[in-house]
Amino acid sequence: MLRIGFVFPSSEYLFDPFKGDPHTHFQILTVLENHFGNEVELLLIDLRGIKKDFAIYHIPECDIYLHSVYTLDWEEQISIVKNLRDSYPKAKHIAGGPHATVFQKESLEHFDSLIIGAGEEKIKDAIEDYKKKSLKKIYEEKSVMDINKYPFPSRKFLPKSTTARKGLLTLKHKKGYDQMLGTTVIFSRGCPYDCYFCAMPQVKQYCPGVRYRKPELIEQEIEYLKREYGLQGISLLDEIGVPPGHEAAVKHLEAIGRTGIVWRGQCRVDGITPETAKLLKDTGCVTMCLGVESAWQQSLDIINKKINIAKAKETIKLLEKNGIECRVYMIIGLPGEPENIVDITWDFIRETKPASVYLSILTVRPGTQLFNNPTKFGMKNINTDWSKTMHMYGRYKEEIPSLTFEYEDAAPWGKGLKNEQIVKNYLELQSRLHKAGLSHI
Ligand code: B12
């Protein structure tokens, strides 16, 4: 029997690697199980929390290893491949994911084969070719796949304890939610926007637009999670948690609502109307996270966010008015920021009163417009040591973040801020958030 292992890396840079779930892995393994049945043995090799040096002892021998390559995991993933080649030289390594899509040539120096674009059909082709000893270097999915053609991803590849866990639904103003058993889910693919700091646009040329699972499939998946795992809550990882367009939004939200589950999600600030805010509440939504990014309009315009500050303020207030806790995602260090960005941001937060603020410092990742055209954004000296592009303020008390780029003194919008100033701004805001009890939960 053919043994296929999908490896999930240690994610040791994350504060809690078990906050998320390996959705790509569940999806691909479920597709393979449905297609190949008893012909294959399928493993999800979960290395989360395991020290990199000892990872090799946790990986059983397989005929084929699968890897979904993320930029921050790149070094670890290629080192795993190297070690596995020493131990099991006959095994083949097939990779997909954002980093492999952007750096195809470099990836092929380490992996035998790449899946570019949606993987559901191409992985079946690759396994068939492997059986015929004719594995190709690249499998590229050019057509837009229909996510409703496939069954919902099965969780049976990991122990129950990793799926059903506490702490995902915690609320600031209401007790008891931290004790609810929850998991993360994803009901959509893609994003129709083109924000210049986001890695998706280059990847999504293979899967344009945003597509959602049908309401009845969403309902089935939630019922399965409740039945098999005793789940009381879910955290939606979809980037646009509320489908654009009123009719689609209503059908989607009502399907979630029919299951009686408690949930949290994330959305753009222009994705919520007074009607949808009410519907969110009625269908069990307790927290909505909004990608506000900046309180400075010029920065939002430069990064092509296509939202305005007035709308951001309106949506935060609307959610809180409907009894939905609002978490705001913001970034410090964006192009176009003025010297007094700390006060501007603080005024925004004080006026809108979100339940919490998740503040990041800007990182430049491959596949983004910032990375491809730094001069257009007044940027220089972009560091491609990807291991430096992870900041998790609060992970270590004494962590002082650093930036992996610099702004030109004379940037297109005026004076570019110095790195020391940006870090100082970031730390000052984090300190104010902390004192005001607004740091993320
Ligand atoms: C859900 C999600 C997560 C989940 C699950 C991730 C996972 N590995 O399964 C969690 C919460 C764990 C997560 C964590 C992180 N994420 Co994330 N995440 C996403 C998100 C929103 C959806 C990905 C997803 O699961 N989609 C559903 C699955 C089924 O589809 P898919 O992943 O696109 O995979 C399909 C194809 O791409 C292909 N495919 C991909 N890989 C492979 C591999 C093989 C072998 C095959 C056959 C096919 C294949 O087949 C799949 C089916 O069609 C994306 C943005 C997006 N919209 O894609 C960001 C995204 C992938 N994440 C990103 C980042 C940066 C992170 C973190 C580093 C965040 C952080 N700072 O903490 C961590 C990394 C942790 C880790 N080690 O994985 C970046 C990646 C950028 C990059 N260059 O690497 C993205 C693109 C967001 C962004 N806009 O910048 N993430």
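A. View of the site of the ligand. Neighbouring the ligand are 37 residues; G20, H23, S68, G96 and G119 lie closest to it. Within the residue set of the shell around the ligand, elements represented by two or more residues are α1 (23-36), β3 (64-68), β4 (92-96), α3 (98-102) and α5 (120-131). Here the shell around the ligand takes four residues from α1, the largest share from any one element. A class-by-class count of the residues in the shell around the ligand yields 20 nonpolar, 13 polar and four charged. Split by domain, the shell around the ligand shows at least three residues from each of two domains, domain 1 (2-140) and domain 2 (164-435).

B. Structural view of the domain arrangement of the protein. Each domain of the protein was delimited in the assignment, giving domain 1 (2-140) and domain 2 (164-435). Averaged C-alpha coordinates put domain 1 and domain 2 at centres separated by 28 Å. Across the contact, 19 residues belong to domain 1 and 18 residues belong to domain 2. In terms of residue class, the side of domain 1 that touches domain 2 is made up of eleven nonpolar, six polar and two charged.

C. Quick look at the sheet that holds strand β1 (residues 2-8). Across the sheet, which stays open at both edges, the six strands sit in the order β2-β1-β3-β4-β5-β6 with parallel pairing between neighbours. Since the sheet does not close on itself, it has two edges, and those belong to β2 (40-46) and β6 (138-140), each with one partner. Taking each pair of neighbouring strands and ignoring which way they run, the sheet shows an average axis angle of 20°. Examined bridge by bridge, β1 and β2 share seven bridges and lie parallel to one another. Within the sheet, the bridge partner assigned to R3 lies in β2 and is E41. Sheet contacts for α5: β3, β4, β5 (113-116) and β6; angle to β5, the most-contacted strand, approximately 160°.

D. Broad picture of the sheet that holds strand β12 (residues 285-293). Taking strand neighbours across the sheet as the criterion, the six strands line up as β7-β10-β11-β12-β13-β14 in an open arrangement whose pairing is parallel. Each end of this open sheet is capped by a strand with a single partner; those strands are β7 (182-185) and β14 (356-361). Averaged over all neighbouring strand pairs, the angle between strand axes comes to 20°, with direction disregarded.

E. Structural detail: the nonpolar core. Membership of the largest hydrophobic core comes to 76 residues, with the highest contact counts inside it found for I234, M288, L290, L319, C326 and I332. Counting residues in each nonpolar core, the second largest holds 30 residues, with V7, I80, A100 and I116 among its members.

Here is what the cut-offs are and how they apply
Residues numbered from 1 in each chain as written. Predicted model: local features only at pLDDT ≥ 70, side-chain atom pairs only at ≥ 80, totals over all residues. Near = placed C-beta within 6 Å. Helix = DSSP H or I, 4+ residues; strand = E, 2+ residues; numbered from the N terminus. Nonpolar A, V, L, I, M, F, W, Y, C, P; charged D, E, K, R; others polar. Domains from an automatic or database assignment. Contact = placed C-beta atoms within 7 Å. Pairing = 2+ DSSP bridges. Axes fitted to C-alpha atoms, helices over the stretch in contact; angles between N-to-C directions. Core = buried A, V, L, I, M, F, W, Y, C linked by C-beta atoms within 7 Å. Buried ≥ 20, exposed ≤ 12 C-beta atoms within 10 Å, placed from the backbone.

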